[in-house]
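Notes for the structure review
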Amino acid sequence: MDLKEWDDEADSENEDRESYEPVGGRDGLIFLIDATKPMFSKDESSESPFGISLQCCKTTMLNKIVSSDRDLVGVILFGTNKTSNVLNVPHVVVLQELQELNAEKIKQLLNMLKQQDFDDFTNKYGHSDDFAMSDALWLCQSAFSSSQYKLSSKRILLFTNTDNPHAGSQHKQYQARSKAADLGQVDVDVELLHIGSNFDPLLFYKELIQTVKGDDSDEWRLPNASTRFEELQARVYRKDHKKRSVGRILFSLGDGVKFGVSVYNLVRTMYVPKKVWLDRNTNEGVKTSVKKFDSRTGEIMLPSELNKYQEFGFKKITFRPDEVKNLRKLSGPGLKLLGFKPDSKIKVHHHLRPSSFIYPEEGLIQGSRKLFTALLDRCVERKVVPICSFTPRTNAVPSLVALLPQEEKLDDSNIQILPPGFHVVYLPYAEDIRTLNTESTAKADEEQISNARAVVKKLRFPYKPYTFDNPKLQVHWRNIEALVLDYDERPEVKDVTVPDHEYMSSKLGSLAQEFLDSVYIDDYIPGGKPKTVRKRETDTDSNKPKKVAKIADFGDMNDIASRGKVDTLKVPELKTYLQNAGIKVTGLKKAELVTKVYQHLGIDQPN
């Protein structure tokens, strides 16, 4: 068989897009919504907490269809007068089973949101305070355990505006805390999305959520309650993306000291989904397969029969598939500490690709969180970064990385803005560095620098990546959304990447023109054609011999025209000759100039 060319470029591209083996399984998410009467009381903006909760569910489902359509999502209501669930738990209704997302689920929420006062909901389900939080949590746990899919993450988002649902029953409070402990043992996470300005989490929910998370610290606290849909939706978005681990590895500090970390991809490129080929008759998906044949015998070749080669010294060095695999096996998966460097040594131009993020993983080694926290605190205090060798998976090429420490930051509502951990910044090897030789250029003077600084200062704004949507993706998904959900009109997509020139002009005022005047010469228009400056003829200039066309290589013009070679001359040469002969050439193209030459000389122009 023919030797197969050694091609590592495709492998390296796949590594950049998928650096780690993702943790198996799907994400399971249940919206657990309070349906008691207080949730239907409207505020000043005529929005009820129950309506806001449904809007959050609907928006999250739409986002999930785009980002992770294989995730399982369910909606459960507690505090209803009606009972509708497989376990017959009183005063709990399963509005949507824990299943993959589809258009019908979203349409159901849209129809519910169309109601102004939710009268149909009240007539159908009713309200009741005689529920038990433990029963609602037990039903959520049962939904996770009975799922036919393997779940890598199980989360419950609890919406309520009642801070103490079991104020008159110590027994129900005890049952709720016991069930919360059970959820923590089976890795079910519960997040509280509380609504209302007078919500006091200390009365009931703080201890409940702490029990689920296994954190009994006195310093642990819940964020402040939300009062607006936008604020609550942003909080739901953060909770929904809390656990997106793409792999778990060991971090080795040397001499057998190791702890577990989870790897997260904070940034990845989103693409428009690939087209799917469908059978024209059945409308079912068509699968494609690639088979390789021996060019001499026509037999199908097995993967084990295909070799690769590398040219060296004009020879083809052949490798079997198992030999290629062993060549790439330089080290096992994990992070290995090489040393420390001051954080000032890490430069922006060292950036190779989007960084990853690591966070302690207790599931690999108990005590990983404490050792990780100690390392993070010392790196922040001493302003140093660990330099490591990073192998994301088996048979992957090791990367040289710097771990930039990041402290936890909270906003005014005690919501986490930045998580504590290390950014994994990929550093270049010596072979990756290129030297750029540039010519020295003129430097700006102080006036130009001052004007430029003023312009930049006026146009500065707090950059937040998540406020800029990809317009191409948004148009694609909004059109699909309108078709699937039967919208009367397709939603308009605003391209936020287009500069607002009117607003920028109002901010700059006269600064823009001052900057242009200091940089460009008079009457210069940036982006326009440069003006031709005609030099005024003086008496001295009139005595100078006029410039003649450069036609020495062809002989005189008569000879060139008689041989039919006028069209071989360049436009400037033709123009110069005609101008010397007193013929106007303004606006004429080359073909017209050639014709003018033949006409002037009285020689027939060849066809």
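Residues numbered from 1 in each chain as written. Predicted model: local features only at pLDDT ≥ 70, side-chain atom pairs only at ≥ 80, totals over all residues. Heavy atoms only, no water.

Per an unreviewed UniProt entry, the protein carries the name ATP-dependent DNA helicase 2 subunit 1 and comes from Reticulitermes speratus. Quoted straight from UniProt, the Subcellular location (unreviewed entry) entry for the protein says "Nucleus". Taken directly from UniProt, the Catalytic activity (unreviewed entry) text for the protein runs: "ATP + H2O = ADP + phosphate + H(+)". (UniProt positions renumbered as here; feature names shortened; annotations may be inferred.)

A word on helix 11 (residues 446-459)
The first and last C-alpha atoms of helix 11 sit 20 Å apart over 14 residues, in line with the 20 Å expected at 1.5 Å per residue. The complete set of buried residues in helix 11 reads Gln448, Asn451 and Val455. One side of helix 11 holds all its buried residues, which, seen down the axis, span an arc of 70°. In helix 11, the exposed residues that point more than 90 degrees away from the buried face are Glu446, Arg453, Val456 and Lys457. Lining the buried residues of helix 11 we find helix 13 (501-508) and helix 14 (511-519). (Helix = DSSP H or I, 4+ residues; strand = E, 2+ residues; numbered from the N terminus. Expected span 1.5 Å × (residues − 1). Buried < 20%, exposed > 50% of the residue type's maximum accessible area, 1.4 Å probe, protein only. Arc of directions from axis to C-beta. Contact = heavy atoms within 4.5 Å.)

Some remarks on the pairing of strand 9 (residues 308-312)
Two elements, strand 9 and strand 10 (residues 315-319), share five bridges in a ladder whose sense is antiparallel. Bridging across to strand 10, Gln310 finds its partner in Ile317. (Pairing = 2+ DSSP bridges.)

Details of the environment of Val401
Assignment of secondary structure puts Val401 in strand 14 (residues 399-406). For Val401 and Leu335, which are 66 residues apart along the polypeptide, the C-alpha to C-alpha distance reads 9.2 Å.

So, helix 18 (residues 590-601)
Along its twelve residues, helix 18 runs 17 Å from first to last C-alpha, staying within 8% of the 16 Å computed at 1.5 Å per residue. Of the positions making up helix 18, those classed as buried are Leu593, Val594, Val597, Tyr598 and Leu601. Down the axis, helix 18 shows its buried residues gathered within 135° of arc, on one side only. Every exposed residue of helix 18 that faces more than 90 degrees away from the buried side is listed here: Ala591 and Gln599. Directly after helix 18, the chain includes Gly602, whose backbone phi takes a positive value near 70°.

Re the pattern of salt bridges
The final tally for this structure, using the stated rule, is 15 salt bridges. For Glu100, the salt bridge identified is with Arg26, shortest N-O distance 2.2 Å. A residue pair is termed long-range when its members are at least 10 positions apart, and Glu100 in strand 4 (residues 92-100) and Arg26 in strand 2 (residues 26-34) qualify at 74 residues. Among the residues examined, Arg26 registers a relative accessible area of 12% and is labelled buried. Salt bridges here are not isolated pairs; linked through shared partners, they connect Asp189, Glu191 and Lys213. (Salt bridge = Lys/Arg side-chain N within 4 Å of Asp/Glu carboxyl O.)

Considerations on the sheet that holds strand 8 (residues 257-265)
On the basis of which strands lie adjacent, the closed barrel formed by seven strands has the order 7-8-12-17-14-13-11 and mixed pairing. In this sheet, adjacent strand axes meet at a mean angle of 40° when their direction is disregarded. Pairing of strand 11 (residues 334-342) with strand 13 (residues 384-391) involves eight bridges; the strand directions are antiparallel. Counted as the bridge partner of Leu337 is Cys388 from strand 13. (Axes fitted to C-alpha atoms, helices over the stretch in contact; angles between N-to-C directions.)

Let's talk about the sheet that holds strand 5 (residues 151-160)
Here five strands make up an open sheet; going across it, the order is 4-3-2-5-6 and the pairing mixed. Taken across any chain shown, the strands that pair with only one partner, and hence form the sheet edges, are strand 4 and strand 6 (188-194). Strand-to-strand twist across the sheet, computed as the mean angle between neighbouring axes with direction ignored, equals 15°. With six bridges joining them, strand 3 (residues 72-78) and strand 4 adopt antiparallel strand pairing. For Leu77, the partnering residue across the bridge sits in strand 4 and is Val93. In this fold helix 7 (residues 205-213) packs onto strand 5 and strand 6, with an angle of close to 155° to the strand it touches most, strand 6.

Description of a positive patch on the surface
On the surface, a cluster of positive charge is contributed by Lys457, Lys458, Arg460 and Lys507. Structurally, the position occupied by Lys458 is in helix 11. Assessed through its relative accessible area of 40%, Lys458 is described here as partly exposed. (Patch = residues over 30% accessible without salt bridge, like charges linked within 9 Å, V, L, I, M, F, W, Y side chains within 5 Å. Areas by Shrake-Rupley, 256 points an atom, 1.4 Å probe, with all protein chains shown as cover. Lys, Arg positive; Asp, Glu negative; His and termini not counted. Charge placed at Lys NZ, Arg CZ, Asp CG, Glu CD.)

Quick word on the packing of aromatic side chains
This model, assessed by the stated rule, comprises 17 aromatic pairs. On the basis of an interplanar angle of 75° and a centroid distance of 5.8 Å, the ring pair of Phe40 and Phe118 is categorised as edge-to-face. Of this pair, Phe40 sits in the loop between strand 2 and helix 2 (49-67) while Phe118 sits in the loop between helix 3 (103-113) and helix 4 (119-125), and the two are 78 residues apart along the sequence. Neither Phe40 nor Phe118 differs from the other in exposure class; each is buried. Within the aromatic cluster, the residues linked to one another by ring pairs are Phe40, Phe50, Phe118, Phe121 and Tyr125. If you follow Lys316 out to its NZ or CZ, it ends over the ring of Tyr309, 4.9 Å from the centre. Between the NZ or CZ atom of Arg353 and the centre of the ring of Tyr426, over which it lies, the distance is 3.9 Å. (Phe/Tyr/Trp six-rings, centres within 6.5 Å; stacked < 30°, edge-to-face > 60°. Lys NZ or Arg CZ within 6 Å of the ring centre and 35° of its normal.)

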